[in-house]
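Spelled out, the chains give:
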Amino acid sequence: MKRLIIPLFMTAVLLLGGCAHKETTPRNVILIVGDGMGVAQVYASVVASRGDNSAFLRFPVTGFSRTYSLNKYRTDSSAGGTALTTGQKVENYHVNWAPDSTRYQTIFDDAVAAGKSTGFVVVSDAMDATPAATYGHVPYRKMYDTLSIQLAQCSHSVMIGGGYKYFLPENRKDGFAPLDTLHRRGYTVVRDLDSALAFGGDKLVALLYDGDPLGEPERGDVLRPASMKAIEMLNHNSKGFTMLIEGSQIDWACHNNDSAYLHAELADFELMLHAVLDWAEKDGNTLVVVTADHETGGLTLPDGDIEAGINNVRFQWGNHTGCMVPVFAYGPGAERFSGIQQNTDIPRKIREIMNW
Ligand SMILES: [Zn+2]
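These lines cover the structure that appears in this document, whether it is placed above or below.

**Side note on empty space enclosed by the protein**
Step number 1: Tallied over the entire structure, the rule returns 1 cavity of 30 Å³ or more.
Step number 2: Considering only enclosed or pocket space, the largest cavity measures out at about 40 Å³ in volume.
Step number 3: Those elements that place two or more of their residues in the lining of the largest cavity are β3 (117-125) and β4 (158-162).
Step number 4: When residues of the lining of the largest cavity are assigned to their parent elements, the largest contribution, 3 residues, is made by β3.

Quick look at the structure:
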């Protein structure tokens, strides 16, 4: 009997080991968007990080994404966000919304259907175009009254950003109170980072600012700890998670043609990226994809000082451009993100990798 059991045991170990080796479907997906972050913004960050310290240098796979929308050479963040979350090009100012009013399904819907937890962390308000593209469906991105209701009814477990005032009836035309909806649905709503970080439950909405979050350096170290808190919470689900993190104000700094603001936002983004990559390396089962919805500012870097980590930047103008943007990938399935791809290919590839 013993002679039979041991070979059976060995066979089982070999089979299990063989399966584990072939398995390339990651448990988790972290989609990270640097809003307005083109190649020049990334290189400015690499230079400013001096030497080999930039988190961007840690990605084994790089590619490009073509960002044009359904009706414009230059996308806005709602069509750009929609492309990244649904795999569909839509018209500018539409969020997950087709010209014939079809509501497009997102990779976050797919993740929830697969039993995973979902969420987002942004440093814009929670109804801004990119986070809205993870839960909303509207024909016009500024429909905050509608988006805040959709947020309060969505499936995310963790949502961190700004825009608290839109959840109160006194600040709305329709008199609704999405804050009550959130409470009724079992969310804890907090107003400051310390309370968010100390939270021990499973459903959290952290609206850290009345309106838009502050810019860097005034905001301080928010994006990194908020992102790591969300990862910790979402990771409680044994089936894994899918989340969005956005460096929202890289775009705003470039709209303002403000070099100091841009460098501060990029440094903040780098801090978050390092922390997420450290976590993903330890986890070993997480796909991390970093890209942008579009480039902003037509940024060029005509000169600088490599030793001192200084960029002398020049902006073309205060709006988005049509230039393709970089893509960085790490983890199981990362190799699929190399080459020049459509923005809509990114969620398509995520769906293939995840078998959704
Ligand atoms: Zn913008």
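That covers the picture; the talk isn't over yet.
**A few points about the nonpolar core**
Step number 1: If you look at the biggest cluster of nonpolar residues, it comprises 54 residues, and the most contacted ones within it are I30, I32, M243, F269, V288 and V290.
Step number 2: Here this core gets 10 residues from one element, more than from any other, and that element is helix α11 (residues 259-283).
Step number 3: Excluding residues within four positions of it along the chain, V290 makes contact with I32, M37, F59, F269, L273, P326, V327 and F328.
Step number 4: F120, A133, F167 and Y187 belong to the second largest nonpolar core, which has 43 residues in total.

**Re unusual backbone geometry**
Note: most residues except glycine have negative phi, and most peptide bonds are trans.
Step number 1: For the bond from E216 to P217, the omega torsion is 5°, close enough to zero to count as cis.
Step number 2: Even without being a glycine, S101 presents a positive backbone phi close to 70°.
Step number 3: If you trace the backbone, S101 turns up in the loop between α3 (77-86) and α4 (107-113).

**Describing the layout of surface pockets**
Step number 1: Of the pockets and cavities examined, the largest pocket occupies roughly 230 Å³.
Step number 2: If you trace the largest pocket, you find it lined by K72, R74, T75, D76, S77, N92, Y93, R141, D251, H255, N319 and H320.
Step number 3: Split into classes, the residues belonging to the lining of the largest pocket amount to 1 nonpolar, 6 polar and 5 charged.

**Description of α11**
Step number 1: The end-to-end C-alpha separation of α11 is 36 Å, in line with the 36 Å expected for 25 residues at 1.5 Å each.
Step number 2: A distance of 3.2 Å separates the backbone nitrogen of A260 from a side-chain oxygen at the start of α11, and that oxygen is part of D258.
Step number 3: G284 occupies a position one or two residues after α11 and carries a positive phi of about 75°.

**Things to note about the coordination of the zinc ion**
Step number 1: Those donors, D251 (OD), D251 (OD), H255 (NE2) and H320 (NE2), are the protein atoms that reach the zinc ion, and they lie 2.1 to 2.3 Å from it.
Step number 2: Note that the zinc ion binds 4 donor atoms; their angles at the metal cover 57 to 152°, and the shape is irregular.
Step number 3: Along the chain, the residues donating to the zinc ion fall in the pattern D-x3-H-x64-H. With a gap of 4 residues between them, D251 and H255 both fall in helix α10 (residues 249-255), about one helical turn apart.
Step number 4: H255 sits in the partly exposed class, given a relative accessible area of 28%.

Criteria and thresholds
Residues numbered from 1 in each chain as written. Predicted model: local features only at pLDDT ≥ 70, side-chain atom pairs only at ≥ 80, totals over all residues. Heavy atoms only, no water. 1 Å grid on protein atoms, 1.4 Å probe; cavity = no way out; pocket = protein on both sides within 12 Å on 5 of 7 lines; lining within 4 Å. Points joined across faces, edges and corners; volume = space filled by probe spheres on them. Helix = DSSP H or I, 4+ residues; strand = E, 2+ residues; numbered from the N terminus. Core = buried A, V, L, I, M, F, W, Y, C linked by side-chain atoms within 4.5 Å. Buried < 20%, exposed > 50% of the residue type's maximum accessible area, 1.4 Å probe, protein only. Contact = heavy atoms within 4.5 Å. Nonpolar A, V, L, I, M, F, W, Y, C, P; charged D, E, K, R; others polar. Expected span 1.5 Å × (residues − 1). Polar contact = N/O pair within 3.5 Å; in protein donor to acceptor, adjacent residues only side chain to side chain. Donors = N, O, S within 2.8 Å, 3.2 Å for Na, K, Ca; no water. Tetrahedral: all angles 85-135°; square planar, octahedral: opposite > 155°, others 65-115°.

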